[in-house]
Amino acid sequence: MAARDRDRFSTTTRLRLLGEQTAARVYRSQTKRQARRPSRLTGRAALLALVLCSMIVALAYPMRQYVSQRAEVADLKNRQEQARARVEQLRDVKARWQDDAYAEQQIRRRLHYVMPGETGFVVIDPGAAKQSRTDRGAAHRPWYANVWDGVDKSDASDQ
């Protein structure tokens, strides 16, 4: 027993016990820190999140403006191309009207002009005349006929 007591009070035994106790404390503190870390938001992480959100908010409006301006530029280019095509069409029409034969042909067709010595005829389709009389709407009748029709309709709805 004396040998045991001697081992118990020896320096190596005390250092070994002290090292084991220290290692146990360090292990406990590390496990507590690791257990707390995922659930706790650190100050650095909060600052990083705040900076990222600020950057996103700061860049959102300029990006929206950029995209809308690009769309507007594309629309204006499309309009410009359409205007150029229309100008070319109008130049072609103008060039045709410079030709006397084309002008004479259009005058005869549109205005029903005839040259001196010619006899002009206008042919009217009889089916078109009958159809126009039957399809006569309120716009082609006199105003008072429309008023009387309105009065008749209101009288009929009261009865």
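Caption draft 1: Focus on helix α3 (residues 43-98). Between the first and last C-alpha of α3 there are 83 Å, a value that for 56 residues agrees with the 82 Å anticipated at 1.5 Å per step. Where α3 bends most, at A60, the angle is about 30°, and the proline P62 comes one to four residues later.

Caption draft 2: Region of the structure containing a nonpolar patch on the surface. There is a patch of nonpolar side chains on the surface, built from L47, L50, V51, M55, L59, M63, Y66 and V67 and spanning about 810 Å² of accessible area. Inspection of the secondary structure puts L47 in helix α3. Judged by relative accessible area, which is 53%, L47 ranks as exposed.

Caption draft 3: Region of the structure containing the packing of α3 against helix α4 (residues 100-111). Running from N to C, α3 and α4 cross one another at 90°; their axes reach a closest spacing of 5 Å. Between α3 and α4, the angle falls in the class roughly perpendicular. Where α3 abuts α4, its residues R96, W97 and Q98 lie against D100, Y102, A103, Q106 and R110. Its residues assigned to classes, the contact of α3 with α4 shows three nonpolar, two polar and three charged.

Caption draft 4: Quick peek at the packing of aromatic side chains. One pass over the structure, following the stated rule, counts two aromatic pairs. Judged by centre distance (5.3 Å) and plane angle (80°), the ring pair of W97 and Y102 falls under edge-to-face.

Caption draft 5: Layout of the confidence of the model for the protein. Overall, the predicted model of the protein reaches an average pLDDT of 83, with 81% of residues at or above 70. Per-residue pLDDT, averaged within each element of the protein, yields its smallest value for helix α1 (residues 2-8) (59) and its largest for α3 (94).

Caption draft 6: Fine view of the pattern of salt bridges. Under the criterion given, the structure shown has five salt bridges. Taking the shortest distance from any N to any O, the salt bridge between R91 and E88 comes out at 3.3 Å. With R91 and E88 both in helix α3, this residue pair falls three residues apart, about one helical turn. Judged by relative accessible area, which is 53%, R91 ranks as exposed. Note that R108 is salt-bridged to E118, the shortest N-O span being 2.9 Å.

Caption draft 7: Representation of α4. Taking 1.5 Å per residue as the helical rise, α4 with its twelve residues ought to reach 16 Å, and the 16 Å between its terminal C-alpha atoms agrees with that figure. Just beyond α4, the residue with positive phi is H112, at close to 60°.

Parameters and conventions
- Residues numbered from 1 in each chain as written.
- Predicted model: local features only at pLDDT ≥ 70, side-chain atom pairs only at ≥ 80, totals over all residues.
- Heavy atoms only, no water.
- Helix = DSSP H or I, 4+ residues; strand = E, 2+ residues; numbered from the N terminus.
- Expected span 1.5 Å × (residues − 1).
- Bend = angle between axes of the 7 residues up to and from the residue.
- Patch = residues over 30% accessible without salt bridge, like charges linked within 9 Å, V, L, I, M, F, W, Y side chains within 5 Å.
- Areas by Shrake-Rupley, 256 points an atom, 1.4 Å probe, with all protein chains shown as cover.
- Salt bridge = Lys/Arg side-chain N within 4 Å of Asp/Glu carboxyl O.
- Buried < 20%, exposed > 50% of the residue type's maximum accessible area, 1.4 Å probe, protein only.
- Axes fitted to C-alpha atoms, helices over the stretch in contact; angles between N-to-C directions.
- Parallel < 35°, antiparallel > 145°, perpendicular 65-115°, else oblique.
- Contact = heavy atoms within 4.5 Å.
- Nonpolar A, V, L, I, M, F, W, Y, C, P; charged D, E, K, R; others polar.
- Phe/Tyr/Trp six-rings, centres within 6.5 Å; stacked < 30°, edge-to-face > 60°.
- pLDDT = per-residue confidence, 0-100.

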